[in-house]
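Close look at the chain arrangement
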Amino acid sequence: MASLTGRTALITGSTSGIGLGFAHALAAQGAAVMINGFGDAAAIAAEVEALKTKSSAGAAYCPADMTRPEDIRAMVADCTAQFGAPDILINNAGIQHVAPVDEFPEDKWDAILAIILSSAFHATKAALPGMKAKGWGRVINTGSMHSLVASPYKSAYNAAKHGIAGFTKTVALEVATQGITVNCICPGYVWTPLVENQIPDTMKARGLTYDQVVNDVLLDKQPQKQFVQVEQLASLMMYLVSDGAAAITGATLSMDGGWTAQ
Ligand code: NAD
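Everything numeric here is computed off the predicted structure, so don't read it as measured data. (Residues numbered from 1 in each chain as written. Predicted model: local features only at pLDDT ≥ 70, side-chain atom pairs only at ≥ 80, totals over all residues. Heavy atoms only, no water.)

Looking only at helices and strands, the chain has eight helices and seven strands in total. Taking 2.2 N^0.38 as the reference for a compact globule, 262 residues should give roughly 18 Å; the C-alpha atoms of the chain span a radius of gyration of 18 Å, in line with that estimate. Viewed in the frame of its principal axes, the chain has a C-alpha envelope of about 50 × 40 × 35 Å. Burial statistics for the chain: of 262 residues in total, 51% are counted as buried. Residue pairs at least 24 apart in sequence account for 74% of intrachain contacts in the chain once pairs closer than 6 positions are excluded. (Helix = DSSP H or I, 4+ residues; strand = E, 2+ residues; numbered from the N terminus. Rg over C-alpha atoms; globule rule 2.2 N^0.38 Å. Buried < 20%, exposed > 50% of the residue type's maximum accessible area, 1.4 Å probe, protein only. Contact = heavy atoms within 4.5 Å.)

When its domains are assigned, the chain resolves into domain 1 (8–188 + 229–253) and domain 2 (191–227). Here the C-alpha centre of domain 2 lies 24 Å away from the C-alpha centre of domain 1. At the interface, 15 residues of domain 1 touch 11 residues of domain 2. At the surface where domain 1 touches domain 2, the tally comes to zero salt bridges. If you look at where domain 1 meets domain 2, you find two residue pairs in polar contact (both at pLDDT 80 or more). Along the lines of polarity and charge, the residues of the side of domain 1 that touches domain 2 split into seven nonpolar, seven polar and one charged. (Domains from an automatic or database assignment. Salt bridge = Lys/Arg side-chain N within 4 Å of Asp/Glu carboxyl O. Polar contact = N/O pair within 3.5 Å; in protein donor to acceptor, adjacent residues only side chain to side chain. Nonpolar A, V, L, I, M, F, W, Y, C, P; charged D, E, K, R; others polar.)

Attention now goes to the pattern of salt bridges. On inspection of all chains with the given rule, the structure shows four salt bridges. For Arg68, the salt bridge identified is with Glu70, shortest N-O distance 3.1 Å. The exposure class of Arg68 is partly exposed, given its relative accessible area of 38%. Overall, the relative accessible area of 40% leaves Glu70 in the partly exposed class. Close ionic contact of Asp71 with Arg68 constitutes a salt bridge, the shortest N to O distance being 3.4 Å.

Along its 14 residues, helix H6 (residues 193–206) runs 20 Å from first to last C-alpha, staying within 8% of the 20 Å computed at 1.5 Å per residue. Helix geometry: H6 is bent most strongly at Ile199, by close to 30 degrees, with proline Pro200 lying one to four residues after it. Of the residues making up H6, those classed as buried are Val195, Gln198, Ile199 and Thr202. Structurally, H6 contributes buried residues whose contacts are with helix H7 (210–218). (Expected span 1.5 Å × (residues − 1). Bend = angle between axes of the 7 residues up to and from the residue.)

Take Val175: it is sitting in the loop between helix H5 (155–174) and strand E6 (180–187). Overall, Val175 belongs to the buried group, its relative accessible area being 1%. Sequence spacing of Val175 and Thr249 is 74 residues, and the spatial spacing of their C-alpha atoms is 9.7 Å. In contact with Val175, other than residues within four places in its own chain, are Leu128, Lys132, Ile180 and Val182.

Turning our attention to unusual backbone geometry. Residues other than glycine seldom take positive phi values, yet Tyr153 does so here, at roughly 70 degrees. The topology assignment puts Tyr153 in the loop between strand E5 (137–142) and H5. Take Tyr153: its relative accessible area is 32%, and that puts it in the partly exposed class. Unlike most non-glycine residues, Lys225 shows phi in positive territory, near 55 degrees. Along the chain, Lys225 falls in the loop between H7 and helix H8 (230–241). Residue class for Lys225 comes out partly exposed when judged on its relative accessible area of 45%.

Running from N to C, H6 and H7 point in directions that differ by 95 degrees, and their axes come no closer than 9 Å. In terms of axis orientation, H6 runs roughly perpendicular to H7. Residues Val195, Ile199, Thr202, Met203 and Arg206 of H6 touch H7, and the partners they reach there are Tyr210, Val213, Val214, Val217 and Leu218. Each residue belonging to the contact of H6 with H7 can be placed in one class, and the counts come to eight nonpolar, one polar and one charged. (Axes fitted to C-alpha atoms, helices over the stretch in contact; angles between N-to-C directions. Parallel < 35°, antiparallel > 145°, perpendicular 65-115°, else oblique.)

Set out below in C-alpha coordinates:
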(Lines give C-alpha, C1' and ligand atoms only; values in the text may rest on other atoms or scores of the structure.)
Protein backbone atom coordinates (compact mmCIF):
# COMPACT_ATOMS: atom_id res chain seq x y z
CA MET A 1 0.00 0.00 0.00
CA ALA A 2 1.36 3.39 -1.02
CA SER A 3 2.20 5.80 1.77
CA LEU A 4 -0.21 8.68 2.23
CA THR A 5 2.37 10.81 4.04
CA GLY A 6 1.72 14.42 3.11
CA ARG A 7 -1.91 13.78 2.19
CA THR A 8 -4.91 15.16 4.06
CA ALA A 9 -8.17 13.23 4.28
CA LEU A 10 -11.57 14.60 5.29
CA ILE A 11 -14.28 12.03 5.97
CA THR A 12 -17.86 13.10 6.69
CA GLY A 13 -19.93 10.93 9.02
CA SER A 14 -16.90 9.20 10.48
CA THR A 15 -17.55 8.97 14.21
CA SER A 16 -18.77 5.39 13.75
CA GLY A 17 -19.21 2.55 11.30
CA ILE A 18 -17.79 2.69 7.79
CA GLY A 19 -16.46 6.26 8.01
CA LEU A 20 -14.53 5.57 11.20
CA GLY A 21 -13.04 2.46 9.59
CA PHE A 22 -12.00 4.59 6.61
CA ALA A 23 -10.39 7.14 8.93
CA HIS A 24 -8.31 4.47 10.68
CA ALA A 25 -7.20 2.94 7.37
CA LEU A 26 -6.11 6.34 6.03
CA ALA A 27 -4.31 7.30 9.25
CA ALA A 28 -2.49 3.95 9.25
CA GLN A 29 -0.89 4.96 5.94
CA GLY A 30 0.21 8.33 7.31
CA ALA A 31 -2.52 10.71 6.14
CA ALA A 32 -3.64 13.57 8.33
CA VAL A 33 -7.27 12.85 9.07
CA MET A 34 -10.27 14.98 10.01
CA ILE A 35 -13.29 13.08 11.23
CA ASN A 36 -16.85 14.38 11.50
CA GLY A 37 -20.19 13.27 12.84
CA PHE A 38 -22.17 13.05 16.04
CA GLY A 39 -21.79 10.99 19.18
CA ASP A 40 -20.46 10.86 22.70
CA ALA A 41 -17.78 13.55 23.17
CA ALA A 42 -15.45 11.34 25.21
CA ALA A 43 -15.72 8.47 22.72
CA ILE A 44 -14.96 10.82 19.82
CA ALA A 45 -11.98 12.32 21.68
CA ALA A 46 -10.68 8.79 22.28
CA GLU A 47 -10.96 8.00 18.56
CA VAL A 48 -9.02 11.16 17.68
CA GLU A 49 -6.27 10.10 20.09
CA ALA A 50 -6.22 6.61 18.56
CA LEU A 51 -5.92 8.13 15.08
CA LYS A 52 -3.02 10.31 16.26
CA THR A 53 -1.15 7.23 17.41
CA LYS A 54 -1.45 5.86 13.86
CA SER A 55 -0.56 9.02 11.92
CA SER A 56 2.17 11.43 12.94
CA ALA A 57 0.54 13.97 10.58
CA GLY A 58 -2.27 14.36 13.10
CA ALA A 59 -5.99 13.95 13.47
CA ALA A 60 -8.87 16.21 14.43
CA TYR A 61 -12.63 16.21 14.83
CA CYS A 62 -15.10 18.68 13.35
CA PRO A 63 -18.72 18.63 14.65
CA ALA A 64 -20.20 20.10 11.43
CA ASP A 65 -23.84 19.19 10.83
CA MET A 66 -24.20 17.87 7.28
CA THR A 67 -27.67 19.42 7.01
CA ARG A 68 -26.06 22.88 7.24
CA PRO A 69 -24.17 24.14 4.17
CA GLU A 70 -22.39 26.83 6.20
CA ASP A 71 -21.12 24.17 8.62
CA ILE A 72 -19.82 22.12 5.68
CA ARG A 73 -17.92 25.05 4.20
CA ALA A 74 -16.47 25.85 7.64
CA MET A 75 -15.41 22.17 8.04
CA VAL A 76 -13.41 22.26 4.80
CA ALA A 77 -11.85 25.58 5.87
CA ASP A 78 -11.02 24.14 9.33
CA CYS A 79 -9.38 21.09 7.74
CA THR A 80 -7.39 23.33 5.40
CA ALA A 81 -6.24 25.54 8.28
CA GLN A 82 -5.12 22.59 10.44
CA PHE A 83 -3.65 20.19 7.86
CA GLY A 84 -3.80 21.77 4.40
CA ALA A 85 -6.53 21.48 1.79
CA PRO A 86 -8.12 18.01 1.65
CA ASP A 87 -6.49 15.75 -0.96
CA ILE A 88 -8.98 13.02 -0.16
CA LEU A 89 -12.65 13.79 0.48
CA ILE A 90 -14.97 10.98 1.48
CA ASN A 91 -18.65 11.92 1.47
CA ASN A 92 -19.92 9.24 3.79
CA ALA A 93 -22.47 10.70 6.23
CA GLY A 94 -25.83 9.02 6.09
CA ILE A 95 -29.01 8.25 7.96
CA GLN A 96 -31.96 5.99 7.21
CA HIS A 97 -35.71 6.05 7.77
CA VAL A 98 -38.02 3.21 6.84
CA ALA A 99 -41.71 3.89 6.08
CA PRO A 100 -44.17 3.59 3.19
CA VAL A 101 -43.96 6.63 0.92
CA ASP A 102 -47.51 7.80 1.67
CA GLU A 103 -46.65 7.84 5.40
CA PHE A 104 -43.06 9.07 5.02
CA PRO A 105 -42.42 12.04 7.38
CA GLU A 106 -41.50 15.14 5.40
CA ASP A 107 -38.79 16.17 7.86
CA LYS A 108 -37.14 12.75 7.44
CA TRP A 109 -37.25 13.09 3.66
CA ASP A 110 -35.58 16.51 3.86
CA ALA A 111 -32.93 15.33 6.35
CA ILE A 112 -31.99 12.22 4.34
CA LEU A 113 -31.67 14.18 1.10
CA ALA A 114 -29.61 16.87 2.88
CA ILE A 115 -27.24 14.53 4.73
CA ILE A 116 -26.61 12.02 1.96
CA LEU A 117 -26.89 14.06 -1.23
CA SER A 118 -26.71 17.81 -0.68
CA SER A 119 -23.85 17.54 1.82
CA ALA A 120 -21.76 15.78 -0.83
CA PHE A 121 -22.42 18.67 -3.19
CA HIS A 122 -21.46 21.32 -0.63
CA ALA A 123 -18.32 19.47 0.56
CA THR A 124 -17.16 18.67 -2.97
CA LYS A 125 -17.76 22.24 -4.10
CA ALA A 126 -15.67 23.54 -1.20
CA ALA A 127 -12.85 20.97 -1.57
CA LEU A 128 -12.37 20.84 -5.34
CA PRO A 129 -10.49 24.15 -5.73
CA GLY A 130 -7.73 22.86 -3.40
CA MET A 131 -7.48 19.60 -5.36
CA LYS A 132 -7.39 21.46 -8.68
CA ALA A 133 -4.58 23.67 -7.37
CA LYS A 134 -2.54 20.57 -6.48
CA GLY A 135 -3.46 18.67 -9.64
CA TRP A 136 -4.33 15.63 -7.52
CA GLY A 137 -7.40 14.58 -5.64
CA ARG A 138 -9.66 11.74 -4.68
CA VAL A 139 -13.37 12.17 -4.03
CA ILE A 140 -15.05 9.00 -2.84
CA ASN A 141 -18.78 8.96 -2.24
CA THR A 142 -20.32 6.23 -0.14
CA GLY A 143 -23.27 5.06 -2.16
CA SER A 144 -25.08 1.80 -1.61
CA MET A 145 -26.58 -1.11 -3.49
CA HIS A 146 -29.52 1.29 -3.23
CA SER A 147 -27.61 3.57 -5.64
CA LEU A 148 -28.30 0.88 -8.24
CA VAL A 149 -31.49 -0.93 -7.24
CA ALA A 150 -34.33 -0.20 -4.80
CA SER A 151 -36.01 -1.79 -1.81
CA PRO A 152 -39.48 -0.80 -0.60
CA TYR A 153 -40.08 1.66 2.27
CA LYS A 154 -36.79 3.51 1.68
CA SER A 155 -37.90 6.16 -0.82
CA ALA A 156 -35.75 9.00 0.51
CA TYR A 157 -32.64 6.85 0.98
CA ASN A 158 -32.97 5.25 -2.47
CA ALA A 159 -33.55 8.62 -4.11
CA ALA A 160 -30.53 10.15 -2.35
CA LYS A 161 -28.28 7.16 -3.08
CA HIS A 162 -29.28 7.04 -6.74
CA GLY A 163 -28.62 10.79 -6.77
CA ILE A 164 -25.11 10.40 -5.39
CA ALA A 165 -24.27 7.98 -8.22
CA GLY A 166 -25.32 10.61 -10.76
CA PHE A 167 -23.44 13.34 -8.90
CA THR A 168 -20.32 11.14 -8.88
CA LYS A 169 -20.40 10.67 -12.66
CA THR A 170 -20.98 14.37 -13.32
CA VAL A 171 -18.10 15.62 -11.17
CA ALA A 172 -15.80 12.88 -12.53
CA LEU A 173 -16.39 14.18 -16.06
CA GLU A 174 -15.84 17.79 -15.02
CA VAL A 175 -12.41 17.14 -13.46
CA ALA A 176 -11.28 14.21 -15.62
CA THR A 177 -8.16 15.95 -16.96
CA GLN A 178 -7.05 17.43 -13.65
CA GLY A 179 -5.62 14.45 -11.75
CA ILE A 180 -8.76 14.10 -9.66
CA THR A 181 -10.87 10.95 -9.58
CA VAL A 182 -14.43 10.75 -8.30
CA ASN A 183 -15.97 7.39 -7.52
CA CYS A 184 -18.89 5.88 -5.67
CA ILE A 185 -18.51 2.78 -3.48
CA CYS A 186 -21.76 0.79 -3.30
CA PRO A 187 -21.85 -1.54 -0.30
CA GLY A 188 -24.45 -4.16 0.42
CA TYR A 189 -25.44 -4.56 4.05
CA VAL A 190 -22.56 -3.83 6.39
CA TRP A 191 -22.96 -4.48 10.11
CA THR A 192 -22.86 -0.96 11.55
CA PRO A 193 -25.07 1.14 13.85
CA LEU A 194 -27.01 2.41 10.80
CA VAL A 195 -28.16 -1.12 9.98
CA GLU A 196 -28.76 -2.11 13.58
CA ASN A 197 -30.86 1.00 14.24
CA GLN A 198 -33.23 0.40 11.31
CA ILE A 199 -34.22 -3.06 12.53
CA PRO A 200 -36.97 -1.84 14.93
CA ASP A 201 -38.62 0.30 12.20
CA THR A 202 -38.47 -2.56 9.72
CA MET A 203 -39.99 -4.89 12.35
CA LYS A 204 -42.83 -2.38 12.72
CA ALA A 205 -43.29 -1.65 8.99
CA ARG A 206 -43.38 -5.32 8.03
CA GLY A 207 -44.69 -6.93 11.24
CA LEU A 208 -41.62 -9.17 11.65
CA THR A 209 -39.39 -10.38 14.50
CA TYR A 210 -35.77 -9.26 14.95
CA ASP A 211 -34.36 -12.52 13.52
CA GLN A 212 -36.78 -12.40 10.58
CA VAL A 213 -35.60 -8.88 9.71
CA VAL A 214 -31.92 -9.91 9.82
CA ASN A 215 -32.24 -13.19 7.92
CA ASP A 216 -35.28 -12.71 5.69
CA VAL A 217 -35.07 -8.96 4.92
CA LEU A 218 -31.53 -7.63 5.33
CA LEU A 219 -29.65 -10.68 4.07
CA ASP A 220 -32.48 -12.01 1.91
CA LYS A 221 -31.05 -10.45 -1.26
CA GLN A 222 -27.38 -10.68 -0.24
CA PRO A 223 -26.42 -14.00 -1.86
CA GLN A 224 -23.31 -14.53 0.29
CA LYS A 225 -25.60 -14.42 3.38
CA GLN A 226 -22.98 -12.48 5.29
CA PHE A 227 -22.69 -8.80 6.14
CA VAL A 228 -19.94 -6.91 4.31
CA GLN A 229 -17.13 -5.99 6.73
CA VAL A 230 -15.96 -2.41 7.26
CA GLU A 231 -12.35 -3.56 6.72
CA GLN A 232 -13.28 -4.93 3.29
CA LEU A 233 -14.76 -1.58 2.27
CA ALA A 234 -11.69 0.20 3.63
CA SER A 235 -9.48 -1.92 1.44
CA LEU A 236 -11.49 -0.89 -1.67
CA MET A 237 -11.34 2.75 -0.57
CA MET A 238 -7.56 2.54 -0.09
CA TYR A 239 -7.20 1.07 -3.57
CA LEU A 240 -9.19 3.97 -5.06
CA VAL A 241 -6.92 6.40 -3.23
CA SER A 242 -3.79 4.72 -4.62
CA ASP A 243 -2.02 5.78 -7.81
CA GLY A 244 -2.82 2.36 -9.27
CA ALA A 245 -6.47 3.41 -9.43
CA ALA A 246 -5.80 6.72 -11.21
CA ALA A 247 -7.75 5.61 -14.31
CA ILE A 248 -10.85 4.61 -12.34
CA THR A 249 -13.21 7.57 -12.29
CA GLY A 250 -16.96 8.07 -12.51
CA ALA A 251 -17.42 4.47 -11.41
CA THR A 252 -19.99 2.92 -9.13
CA LEU A 253 -18.13 0.03 -7.53
CA SER A 254 -20.23 -2.63 -5.83
CA MET A 255 -19.14 -4.57 -2.76
CA ASP A 256 -22.46 -6.15 -1.97
CA GLY A 257 -22.02 -9.92 -1.61
CA GLY A 258 -23.70 -10.36 -4.99
CA TRP A 259 -26.83 -8.27 -4.28
CA THR A 260 -26.89 -6.38 -7.61
CA ALA A 261 -25.93 -9.42 -9.69
CA GLN A 262 -29.59 -10.47 -9.45
P1 NAD B 1 -23.27 4.88 10.99
O2 NAD B 1 -24.60 5.26 11.57
O3 NAD B 1 -22.37 4.02 11.77
O4 NAD B 1 -22.47 6.18 10.58
C5 NAD B 1 -23.11 7.33 10.08
C6 NAD B 1 -22.27 8.51 10.40
O7 NAD B 1 -22.92 9.69 9.89
C8 NAD B 1 -22.05 8.74 11.90
O9 NAD B 1 -20.74 9.19 12.12
C10 NAD B 1 -23.05 9.84 12.22
O11 NAD B 1 -22.71 10.61 13.37
C12 NAD B 1 -22.94 10.65 10.95
N13 NAD B 1 -24.05 11.59 10.76
C14 NAD B 1 -25.37 11.35 10.79
N15 NAD B 1 -26.05 12.49 10.61
C16 NAD B 1 -25.12 13.47 10.46
C17 NAD B 1 -25.19 14.87 10.25
N18 NAD B 1 -26.35 15.53 10.16
N19 NAD B 1 -24.03 15.55 10.15
C20 NAD B 1 -22.83 14.92 10.27
N21 NAD B 1 -22.71 13.60 10.45
C22 NAD B 1 -23.84 12.89 10.55
O23 NAD B 1 -23.63 4.23 9.59
P24 NAD B 1 -22.74 3.47 8.47
O25 NAD B 1 -23.43 2.21 8.18
O26 NAD B 1 -21.31 3.49 8.81
O27 NAD B 1 -23.04 4.41 7.21
C28 NAD B 1 -22.05 5.17 6.58
C29 NAD B 1 -22.47 5.35 5.13
O30 NAD B 1 -22.52 4.07 4.51
C31 NAD B 1 -23.83 5.98 4.93
O32 NAD B 1 -23.80 6.88 3.85
C33 NAD B 1 -24.70 4.79 4.59
O34 NAD B 1 -25.83 5.15 3.85
C35 NAD B 1 -23.74 3.95 3.80
N36 NAD B 1 -24.10 2.55 3.66
C37 NAD B 1 -24.20 1.75 4.76
C38 NAD B 1 -24.55 0.44 4.58
C39 NAD B 1 -24.68 -0.50 5.75
O40 NAD B 1 -25.18 -1.62 5.56
N41 NAD B 1 -24.24 -0.12 6.94
C42 NAD B 1 -24.81 -0.08 3.33
C43 NAD B 1 -24.69 0.75 2.22
C44 NAD B 1 -24.33 2.08 2.42
